[in-house]
Amino acid sequence: MGVVILLVMAAGVALMLTRRLPTAFALALLAVAIAFLAGAPFTGKNSVLDTVLQEGAPALAATMIAIILGSWLGKLLDETGIASTLVRKIVEFGGDRPTVVALGVLAVSALVGTVTGSAPAAMLAGIIGIPAMIAVGVPKVTAAGTVLMGIAVGIPFELPLWQFFSTALELPIPTVRGFMVKLFPFALAAALAFVLVETRRRGTEHAWSLKAVDSPGSSGAKPRSRRAELGDAPWYALLAPAVPLVLALGFELAIIPSLLAGVLYALVTTTRPGGMNKRLLRTLYGGFEVAAPPLVLFISIGILLAAVKLPGAVDALEPLVKAVSPHNPVVFVLVFTLLVPLCLYRGPLNVFGLGAGIAGVLIATGIYPAVAVLGMATSYNQVFGVADPTSTQTVWSAQYAGVSPQQVMVRTLPYVWAVALGGLCVTAATYL
């Protein structure tokens, strides 16, 4: 029966790769199929309806709340001008020096990447940052890749991601945080190497530039200040993206209160008291729109995790998975480094797809300790978050820069592959 379950998983991957079914729907159907193949009853204990669907759907509720709060803060950073001000200041500081401008956009991308992931993070940093980089001569593919590599630097400190791995792998937040801190230097080194190497190796390519800001003076109105003219947020408001990170990492405050503190700080430092209520509701509703796709995905991931942890599924898959899972640390690193491409194109090692189910199997069968599975999953996630041509942030960044997602994948993959290698080495050295 284990072989049949693996074949069903392969069919699920095929459905996702060919886009016959959206990932969330494919995962839910896959979970139900696995449950039936594992001999689960229709209702009752360890059943399809009560265990897989009823208990699995809200299993990642804490993660979903964190996603909503992160999206809410992201909308506030957008509407209040905090994100655009950060990018604009960096561009002004860099002047006409392509490498300096790219490094500045990289830093801002990393900062917003700690707040929210996916396309919203790319848009917050890239709407101004990408055309600014191209205007000073950064090649288009490098400009798109810089934003994505910057987001990858922020991913180890993305609080909703901490909550996801904590809940999905049943690990305490301090354990997740501890490994993420170890992963961060590899992501930072790869991002800096990407900018320094690619901006010099490709030279400068002047293609298009930012539109000039319309001056209010042209309509007869005298601008009150340069900040008012450009719509800049106050300098102290620019600390808003760092507030949740400082509270969660520095003071070890819980994730949801940390994100709420960031929301309140961004609101209070940018909004007059009379407009707070409207802005709160408007950005919250906007945050729900941004959060809707990942929320649906996390519901399906919870259902899939519940299915692969059923006793029948564990008994069927354990001998097969044990037979192909390396335990020697060197072989472990070599094998899983070579398998990195399987997290691309929504492949079987994509942690926000079937990879979550595989992680659940590895833990449920006791093949690897949960913290080692955490190391694998987070290492692969660094690759998926940058180089996967089907991920929303990669598609948006590439299209906005005027290149294809595949071009961005080819340019960034060597760098994020090295990050995955570093994470797997730490995992093998520490947990195996």
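Since the structure is predicted, the reported quantities are computational estimates derived from the model, not experimental observations. (Residues numbered from 1 in each chain as written. Predicted model: local features only at pLDDT ≥ 70, side-chain atom pairs only at ≥ 80, totals over all residues. Heavy atoms only, no water.)

### With respect to the side chain of Gln382
1) Next: Within the fold, Gln382 resides in helix α18 (residues 370-387).
2) Next: Here the side chain of Gln382 touches Ala152 through a polar contact of 3.1 Å, landing on its backbone oxygen.
3) Next: Setting aside chain neighbours within four positions, we find Gln382 in contact with Ala152, Ile155, Pro156, Leu183, Ala187, Val416 and Val419. (Helix = DSSP H or I, 4+ residues; strand = E, 2+ residues; numbered from the N terminus. Polar contact = N/O pair within 3.5 Å; in protein donor to acceptor, adjacent residues only side chain to side chain. Contact = heavy atoms within 4.5 Å.)

### Regarding the nonpolar core
1) Next: One finds Phe164, Phe165 and Ile301 to be the most contacted residues of the largest nonpolar core, which totals 147 residues.
2) Next: Here Phe165 is in contact with Glu170, Val176, Met180, Val351, Leu374, Ala377 and Thr378, once residues within four sequence places are set aside. (Core = buried A, V, L, I, M, F, W, Y, C linked by side-chain atoms within 4.5 Å. Buried < 20%, exposed > 50% of the residue type's maximum accessible area, 1.4 Å probe, protein only.)

### A look at helix α19 (residues 392-401)
1) Next: If you check which residues of α19 are buried, you get Gln393, Thr394, Trp396, Ser397, Ala398 and Ala401.
2) Next: Summarising the contacts, the buried residues of α19 are in contact with α7 (118-135), α8 (140-154), α18 and α20 (405-431).
3) Next: A positive backbone phi angle near 90 degrees is found at Gly402, which sits one or two residues after α19.

### Remarks on unusual backbone geometry
1) Next: Positioned with a positive phi, Asn46 is a non-glycine residue whose angle comes to about 50 degrees.
2) Next: Mapped onto the fold, Asn46 is located in the loop between α2 (23-37) and α3 (48-55).
3) Next: Owing to a relative accessible area of 29%, Asn46 belongs among the partly exposed residues under this scheme.
4) Next: Phi at Glu170 takes a positive value of approximately 55 degrees, unusual for a residue other than glycine.
5) Next: Among the secondary structure elements, Glu170 is positioned in the loop between α9 (159-168) and α10 (173-201).
6) Next: Judged by relative accessible area, which is 62%, Glu170 ranks as exposed.

### As for a nonpolar patch on the surface
1) Next: A contiguous nonpolar patch, built from Val3, Leu6, Leu7 and Leu320 and spanning about 340 Å² of accessible area, is present on the exposed surface.
2) Next: A total of three residues in the nonpolar patch trace back to one element, the largest contributor, which is helix α1 (residues 2-17).
3) Next: Tracing the backbone through its elements, the reader meets Val3 in helix α1. (Patch = residues over 30% accessible without salt bridge, like charges linked within 9 Å, V, L, I, M, F, W, Y side chains within 5 Å. Areas by Shrake-Rupley, 256 points an atom, 1.4 Å probe, with all protein chains shown as cover. Salt bridge = Lys/Arg side-chain N within 4 Å of Asp/Glu carboxyl O.)

### A closer look at the environment of Val108
1) Next: Of note, Val108 is situated in helix α6 (residues 98-113).
2) Next: For Val108, a relative accessible area of 6% puts it in the buried group.
3) Next: Once the C-alpha coordinates of Val108 and Val147 are considered, the two residues, 39 residues apart in sequence, prove to be 8.6 Å apart.
4) Next: Other than its neighbours up to four places away in sequence, Val108 contacts Leu86, Val87 and Ile90.

### With respect to the pattern of salt bridges
1) Next: By the definition in use, this model includes six salt bridges.
2) Next: Ionic pairing is found between Glu79 and Arg279, a salt bridge with its closest N-O pair at 2.9 Å. Of the two residues, Glu79 is situated in helix α4 (residues 61-79) and Arg279 in helix α14 (residues 276-308); the sequence distance between them amounts to 200 residues.
3) Next: The salt bridge involving Glu79 is made with Arg282; its shortest N-O contact spans 2.6 Å. One end of the pair, Glu79, is in helix α4; the other, Arg282, is in helix α14, with 203 residues separating them in the sequence.
4) Next: For Arg282, a relative accessible area of 44% translates into the label partly exposed.

### Thoughts on the confidence of the model for the protein chain
Any segment with low pLDDT has predicted coordinates that should not be analysed in fine detail.
1) Next: For the protein chain, mean pLDDT is 87; residues scoring 70 or higher make up 93% of the total.
2) Next: Every residue in residues 208-223 scores below 50 in pLDDT, and together they form 16 contacts with partners more than four places removed in sequence or on other chains. (pLDDT = per-residue confidence, 0-100.)

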